[in-house]
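# Structural overview
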Amino acid sequence: MEETPVTITSPSTAVGPLAASTLVHAGQTGGQWWRDAVIYQVYPRSFADADGDGVGDLRGITSRLDHLAALGVDAVWLSPFYRSPQHDAGYDVADYRQVDPLFGTLEDFDELLATAHGLGIRVIVDLVPNHTSSEHVWFQEALAAGPGSPERARYLFRDGRGEHGELEPNNWRSIFGGNAWTRVTEADGTPGQWYLHLFDSTQPDLDWTNPEVHAEFEQVLRFWLDRGVDGFRVDVAHGMVKADGLPDWDGSVAMVDGSVDGTDPGAPEDGSTGAGNSGPAFDQDGVHEIYRAWHRVLAEYDGDRALVAEAWVEPLSRLARYVRPDEMHQAFNFSFLTTAWKAGPLRTVLAGSLAANDAVGAPTTWVLSNHDVVRHASRLGLGVDGERPNGLFATDPQPDEATGLRRARAATLLMLGLPGSAYLYQGEELGLPDHTALPDEVRQDPAFFRTAGTEAGRDGCRIPLPWQSDAPGFGFGPTGATWLPQPESYGRYAADVQTGVPGSTLETYRAALAARRAHRLGSGTLAWLDAYADADDVVAYRNGDVVVIANLSNRPVVVPRSAEVLVASGDLVRGLNDETSVPTDTTVWLRA
Ligand code: GLC
């Protein structure tokens, strides 16, 4: 049963019910595009398939760039499309300067880039510097060359412990499960050294104390900068440098999606959620030297090229170190992504994030979904506060689809009203849920295999996109083939059935991005609305002339009549006295 509405009756002026006197964040200047950009993540294998083999490709992406232009994003980030045996969906790179034939050719890339630029969309590519594929020529040379060679010194080869070297060199765990070392067989057939892999055994870690590694990656940066890319998303940016001597670590390990394997270290009070990696393999001071050097490389090029850190680091003040003025430009805010749908924790993480980044003069980089986590339309429908499983099995409690979608749309509007930059993950503009009932036989994520099937892994958020509700494969490609099966429900979410339909998720995203641009929210300010500054179940803030109210309570929030509704994440309710109210799990943007 609904409780009494919270009514705001007085007129909407800055001193009235929409007054916001606690300034949390003053606007930033700087002028670089990335400070307030909305950047759309394309996961190439699942975006659009031009050649009909069931796997998305570069030409498929190019053919759908008009969708992104119509959505109103500023840039795309492309997950890896480089030559790779695809043991971790391309995050195992065998050649950093070649396009994998699965995705096309370098010419296809150039055409994609030119078409995007022609539409005013910038392009960021993924750089995977923590590890290569085991099929990379360097690793093949290291295996052949043997212990003590310069070829092995590009990676982290060590002798084993124990009388015969039969024990791992230390006790580190892989982020995908299992231990982080694999023993090689030497050329003479004897059991040999071990190599470190923080991820799959086909992803050997590079040794970033080796100058040759630095030199090679600077050349890779230049290769893509010369082709015209606008920046790089840096994979595992907090992992490249390891503590001297590779000491044992008995702390917890945050899994690839930020869930915790081991004892949860608990959350600091700045809004962190315990999703950061710590210990001797992560967030070592030495990584910052690398980013200072890369910053200088990018600065040689025109156009404010940018580096964005994928760094699962907490507390937020440690994450902010990656975006100091002479380092990277953005760092994904995973503390925000992993915050429960609760007003208090949300306010804490918003304020904590802005304060931490203000201290170094950097914008905040908000994100709710990506290719490593359960999509927010499913995560927020799980009904368990803050739960973030590493994928879902059909036998797990299933998310409530309607609640998840409603909350996801509300969370998105809460995010897009904020100052700073924001990343969207392909398909979230359609309101897509995960496939939460994939048969195990089709799973491909190494995390599923390395945990011996105890974790479902990330395949559920990587399902090929639905473009057309009545076409085979929902229009993903010309043949209907899809590398992972799509759930039936995807027909309802297809882009064509949402286009032009007022109130659809797609049209809501478009309206929000247009309003965000028109009201310059990305470079704006944040002040809590006085009326809700301590509310248990409402998050409300002002950003310039826009007031954002997210109602997480089970009663409607009435808004002043004089306020103009710019965008709402769901239907608003007209009351008996003609007042407008915001229902449960709904966010509204008002001009007031
Ligand atoms: C990052 C990527 C993830 C990949 C891992 C190893 O976390 O986002 O998809 O599996 O790095 O490269």
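Residues numbered from 1 in each chain as written. Predicted model: local features only at pLDDT ≥ 70, side-chain atom pairs only at ≥ 80, totals over all residues. Heavy atoms only, no water.

What follows concerns the sheet that holds strand β1 (residues 22-25). The strand order β1-β17-β18-β19-β24-β21 describes an open sheet built from six strands, whose pairing is antiparallel. A single partner strand is all that each edge strand has here, and the edge strands are β1 and β21 (564-568). Here the average twist between neighbouring strands, direction ignored, is 30 degrees. Where β21 lies against strand β24 (residues 586-591), four bridges are found, and the strand directions are antiparallel. Across the sheet, the residue bridging to Glu564 is Arg591, located in β24. Packed onto the sheet, helix α9 (residues 343-358) meets β1, β17 (526-528) and β18 (538-543) and runs at close to 35 degrees relative to β18. Set on the sheet, helix α11 (residues 401-416) makes contact with β18, β19 (546-551), β21 and β24; between it and β24 the angle comes to about 35 degrees. (Pairing = 2+ DSSP bridges. Helix = DSSP H or I, 4+ residues; strand = E, 2+ residues; numbered from the N terminus. Axes fitted to C-alpha atoms, helices over the stretch in contact; angles between N-to-C directions. Contact = heavy atoms within 4.5 Å.)

So, on to the nonpolar core. Within the largest apolar cluster, 140 residues are counted, with the highest numbers of intra-cluster contacts made by Phe232 and Trp294. Looking at which domains feed residues into this core, each of domain 1 (31-130 + 209-511) and domain 2 (137-196) supplies at least three. When sequence neighbours within four positions are dropped, the list of residues in contact with Phe232 reads Ile124, Val125, Leu127, Leu221, Trp224, Leu225, Leu298, Ala306, Leu307 and Val308. (Core = buried A, V, L, I, M, F, W, Y, C linked by side-chain atoms within 4.5 Å. Buried < 20%, exposed > 50% of the residue type's maximum accessible area, 1.4 Å probe, protein only. Domains from an automatic or database assignment.)

Glancing now at the site of the ligand. Lining the immediate surroundings of the ligand are 15 residues, of which Asp88, Asp235, Glu310, His371 and Asp372 lie closest. Measuring from an oxygen atom of the ligand, one finds a side-chain N or O atom of Glu310 at 2.7 Å. The contact in question runs from an oxygen atom of the ligand to an N or O atom on the side chain of Asp372, over 2.5 Å. In isolation the ligand has 310 Å² of accessible area, and contact with the protein removes 99% of it. Looking at the shell around the ligand residue by residue, the classes come out as five nonpolar, three polar and seven charged. (Near = heavy atom within 4 Å. Polar contact = N/O pair within 3.5 Å; in protein donor to acceptor, adjacent residues only side chain to side chain. Areas by Shrake-Rupley, 256 points an atom, 1.4 Å probe, with all protein chains shown as cover. Nonpolar A, V, L, I, M, F, W, Y, C, P; charged D, E, K, R; others polar.)

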